[in-house]
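What follows is each chain in one-letter form.
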Amino acid sequence: MMSSNTDTARSLAALGHDARLGVFRLLVRAGDDGMSVGEIGQHMGLAASTLAHHLRALVDAGLVIQDKRGREVLNRVDYDKMQRTIEFLTSECCTGVSLERSDSAA
């Protein structure tokens, strides 16, 4: 299932902040193993409250999944959501443009 305009806009809005984009890219590099909040904080140099705010935005956008493991919270990228967002952005590449109003103009 491909994302909609609304879903894609929400994802892009979440990634539209330097810190959130940095956290997301760090988690992409971490792969399926993900990273704890503490590990992310060490890599990013962000205060715990600031990091929690940015992670919440990524989770709310559906880009990051959090799993509680004992006292730790493991964060990992939702690769399916990431792929749907990319597919939405590129799905009509080079198909031409008609004079009719498109879905993206709504």
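Worth saying up front: this structure is predicted, and the values here are computed from it rather than measured.

Visitor: How should I be thinking about the pairing of strand β3 (residues 72-77) in this particular structure?
Guide: The side chains of a regular strand alternate, residue by residue, between the two faces of the sheet. Pairing between strand β1 (residues 35-36) and β3: two bridges, direction antiparallel. The partner of Ser36 across the bridge, within β3, is Leu74. Across six bridges, the pairing between strand β2 (residues 64-69) and β3 is antiparallel. Across the sheet, residue Asp67 finds its bridge partner in β3, namely Leu74. From the end of β2 to the start of β3, which pair antiparallel, there are two residues, and Gly70 there has a positive phi angle of about 65°.

Visitor: Explain helix α2 (residues 18-30) here, please?
Guide: Between its terminal C-alpha atoms α2 stretches 18 Å, which fits the 18 Å expected from 13 residues at 1.5 Å a residue. Ala19, Arg20, Gly22, Val23, Phe24, Leu26 and Leu27 are the residues of α2 that are buried. Positive backbone phi, approximately 75°, marks Gly31, located one or two places after α2.

Visitor: Is there a simple way to think about the nonpolar core in this case?
Guide: Soluble globular proteins: nonpolar side chains tend toward being buried together. Counting residues in each nonpolar core, the largest one holds 15 residues, and the members touching the most others are Val23, Phe24, Leu27, Ile40, Leu58 and Leu63. Among the elements of the structure, α1 (5-15), α2 and α4 (48-60) are those that each provide at least two residues to this core. If you tally residues by element for this core, the top one is α2, at four residues. If sequence neighbours within four positions are ignored, Leu63 has contacts with Ser11, Ala14, Leu15, Phe24, Leu58, Arg76, Val77, Asp78 and Lys81.

Visitor: Hey, could you run me through the side chain of His54 in this one?
Guide: The residue His54 is located in helix α4 in this model. Filtering out sequence-adjacent residues up to four positions away, His54 remains in contact with His17, Ala19, Arg20 and Leu46.

Visitor: Whenever I open this one, the pattern of salt bridges confuses me. Can you help?
Guide: Side-chain pairs of opposite charge can arise where the charged atoms are in close proximity. Summed over all chains, the structure comprises two salt bridges. When the shortest N-O distance is used, the salt bridge between Arg56 and Asp60 registers 3.3 Å. Here Asp60 and Arg56 lie together in helix α4, a separation of four residues that amounts to about one turn. Relative accessible area serves as the criterion here: at 42%, Arg56 is assigned to the partly exposed category. Looking at Asp60, the relative accessible area reads 40%, which means it is partly exposed. Notably, a salt bridge pairs Arg76 with Asp67, separated by 3.2 Å at the nearest N-O pair. Given the relative accessible area of 25%, Arg76 is considered partly exposed. Asp67 gets classed as partly exposed once you look at its relative accessible area, which sits at 22%.

About the cut-offs
Residues numbered from 1 in each chain as written. Predicted model: local features only at pLDDT ≥ 70, side-chain atom pairs only at ≥ 80, totals over all residues. Heavy atoms only, no water. Pairing = 2+ DSSP bridges. Helix = DSSP H or I, 4+ residues; strand = E, 2+ residues; numbered from the N terminus. Expected span 1.5 Å × (residues − 1). Buried < 20%, exposed > 50% of the residue type's maximum accessible area, 1.4 Å probe, protein only. Core = buried A, V, L, I, M, F, W, Y, C linked by side-chain atoms within 4.5 Å. Contact = heavy atoms within 4.5 Å. Salt bridge = Lys/Arg side-chain N within 4 Å of Asp/Glu carboxyl O.

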